[in-house]
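Coordinate analysis (summary)
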Amino acid sequence: MPDSEDRVVSATRVISANAETIFELIADPSRQPSWDGNNNLASAAAGQRVRRVGDVFKTVLTNGAVRENHVVEFIEASKIAWCPAEPRKQPPGHLWRWELNEINNTLTRVTHTYDWTALNDETRLDRARATTAEMLRESIDRLALLAQSGG
């Protein structure tokens with residue numbers, strides 16, 4: 001693997017909605033499939049709203065696999081990050097992060113990051129490399145449509 005390989009991909013855009021509205025769409029896993037730009041999430045049960053570091057929420061991927069997502073960063077209406085893992089296993093080292101910086105009551109700068117610097121599962125490297133800034137931007141764009149329409 002080349003030493004110069006960039007293992008952090010991100011995208012940023014300003015959304016015409018307040019941070020609380022946007023954050024609610026991210027922190028409620030049952031809403032995530034509606035804005036997933038990777039087209040990787042099929043569903044997530046209701047009632048899993050993330051509240052703190054240490055929470056774990058489950059999602060079902062489009063291929064039917066279940067993921068337990070371990071929340072590792074959390075600041076209400078500002079930052080959330082999780083590390084996905086197969087059920088009852090430790091996360092293999094990749095992280096999804098959302099950062100919201102409210103500009104004013106109607107504008108929020110949103111940054112979506114995929115960080116696989118610590119990924120230690122060789123079978124996941126091709127998929128990690130295939131995750132692009134454009135895919136992350138697609139998630140932000142879909143999130144924007146939902147947030148701007150009132151969620």
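Anyway, here's the lowdown on the structure attached to this text.

Reading guide: rules and limits
Every chain is numbered independently, its residues counted from 1 as its sequence is written. For this predicted model, a pLDDT threshold of at least 70 governs which residues receive local features, and a threshold of 80 or more governs which side-chain atom pairs are given and counted, while totals over whole chains, interfaces and linings are taken from all residues. Side-chain figures throughout are based on the complete set of non-hydrogen atoms in the structure, without hydrogens or water. A side-chain nitrogen of Lys or Arg and a carboxyl oxygen of Asp or Glu constitute a salt bridge if their distance falls within 4 Å. Note on conventions: DSSP H or I runs of at least 4 residues are helices, E runs of at least 2 residues are strands, and numbering of each starts at the N terminus. Residue exposure (1.4 Å probe, protein chains only): buried if accessible area is under 20% of the type maximum, exposed if over 50%, otherwise partly exposed. At least two DSSP bridges between two strands are needed for those strands to be called paired.

What the rule picks out here adds up to 12 salt bridges. Salt-bridge contacts for Arg13 lead to Asp141; the nearest nitrogen and oxygen are separated by 2.9 Å. One end of the pair, Arg13, is in strand S1 (residues 8-15); the other, Asp141, is in helix H3 (residues 133-148), with 128 residues separating them in the sequence. The exposure class assigned to Asp141 is partly exposed, which follows from its relative accessible area of 23%. Across the salt bridge formed by Arg129 and Asp126, the nearest N and O atoms sit 3.6 Å from each other. Taken together, the residues Arg129 and Asp126, both in helix H2 (residues 125-130) and 3 residues apart, mark about one turn of the helix. Residue Arg129 is classed as partly exposed on the basis of its relative accessible area, which comes to 37%. Shared partners join several salt bridges into a network, and the residues in it are Glu86, Lys89, Asp121 and Arg124.

Walk down a regular strand and you will see the side chains alternate between the two sheet faces. Judged by which residues are buried, strand S3 (residues 56-61) turns out to be one-sided: Phe57, Thr59 and Leu61 face inward and are buried, whereas Val56, Lys58 and Val60, on the alternate face, are not. Relative to strand S4 (residues 66-75), S3 runs antiparallel, the two being bridged by 5 bridges. Bridge pairing links Val60 to Val66 in S4. Adjacent in sequence and paired antiparallel, S3 and S4 are bridged by 4 residues, among which Gly64 carries a positive phi angle near 95°.

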